Amino acid sequence: MTRFALAITAFLLSACATHAAEPAESAGAGAMKMHHEPHVMRHESAADFETTLAQLKGAVEARGFKIFAVIDHAAGAASVDQPLRPTTLIVFGNPQGGTPVMQAEQLMGLELPLKMLVMEKPDGGVALVWRDMAHSFHEYGIGNHPAADKMSAALEAIAQEAGQGD
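Note that the coordinates shown come from a computational prediction; the quantities given were computed from them, not determined experimentally.

**Q** Whenever I open this one, the packing of helix α2 (residues 49-62) against helix α6 (residues 146-162) confuses me. Can you help?
**A** A packed helix pair is summarised by two numbers, namely the angle formed by the two axes and the spacing between the axes. α6 packs onto α2 with a crossing angle of 140° between their chain directions and a minimal axis gap of 8 Å. Considered as vectors, α2 and α6 are oriented oblique to each other. Along this stretch, α2 crosses α6, giving a crossing that reads as right-handed. Here α2 contributes Thr52, Gln55, Leu56, Ala59 and Val60 to the contact with α6, which in turn contributes Ile158, Glu161 and Ala162. Residue classes in the contact of α2 with α6 are distributed as five nonpolar, two polar and one charged.

**Q** Sorry, what's going on with the nonpolar core here?
**A** For soluble globular proteins, nonpolar side chains are generally found buried alongside one another. One finds Leu56, Phe92, Met116 and Phe137 to be the most contacted residues of the largest nonpolar core, which totals 31 residues. Grouped together as the second largest cluster of nonpolar side chains are six residues, Val40, Val91, Leu117 and Val129 included.

**Q** I'm lost on the environment of Thr51 in this one. Help?
**A** As for its position among the elements, Thr51 is in helix α2. Given the relative accessible area of 26%, Thr51 is considered partly exposed. Sequence separation of Thr51 and Ala162 is 111 residues, and the distance between their C-alpha atoms is 8.3 Å.

Conventions adopted
Residues numbered from 1 in each chain as written. Predicted model: local features only at pLDDT ≥ 70, side-chain atom pairs only at ≥ 80, totals over all residues. Heavy atoms only, no water. Axes fitted to C-alpha atoms, helices over the stretch in contact; angles between N-to-C directions. Helix = DSSP H or I, 4+ residues; strand = E, 2+ residues; numbered from the N terminus. Parallel < 35°, antiparallel > 145°, perpendicular 65-115°, else oblique. Left-handed = near helix turned anticlockwise from the far one by under 90°. Contact = heavy atoms within 4.5 Å. Nonpolar A, V, L, I, M, F, W, Y, C, P; charged D, E, K, R; others polar. Core = buried A, V, L, I, M, F, W, Y, C linked by side-chain atoms within 4.5 Å. Buried < 20%, exposed > 50% of the residue type's maximum accessible area, 1.4 Å probe, protein only.

Limitation: the analysis is restricted to geometry and does not speak to function.
What follows is the structure, given as structure tokens:
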């Protein structure tokens, strides 16, 4: 790598680290929009990582969604001898609800199926994180689609249920 490329890489890495350390802002009702990620929602779990993950799977399935994939990022990191706190992505959906959305705007296939991340934070707490679907609908020009509010409400309810303590 050239000195220029190394300098640019170092600059970008320091900018990302500084940017990621910015504080979060409240979005109300238990969810938080993060200042540096304005279209990412967050709910702090009252349970440990494994309990939160199990409760997330249960909350998803109880609402008639199918879990398409469970991606254990920490296991992937371990497979290349890299450390990563527990971080698991659940990919889920229902073609009956998602298909009409993609018929209205096929690019919504980038956002669907729905996804929710369970991550252990540096302090040992656990957070559930997901994309603000109302914003996604707006971004793709279909903000008035009837599924926009339904998907947003479902994700919020799922996070609330998954983050319950004992």
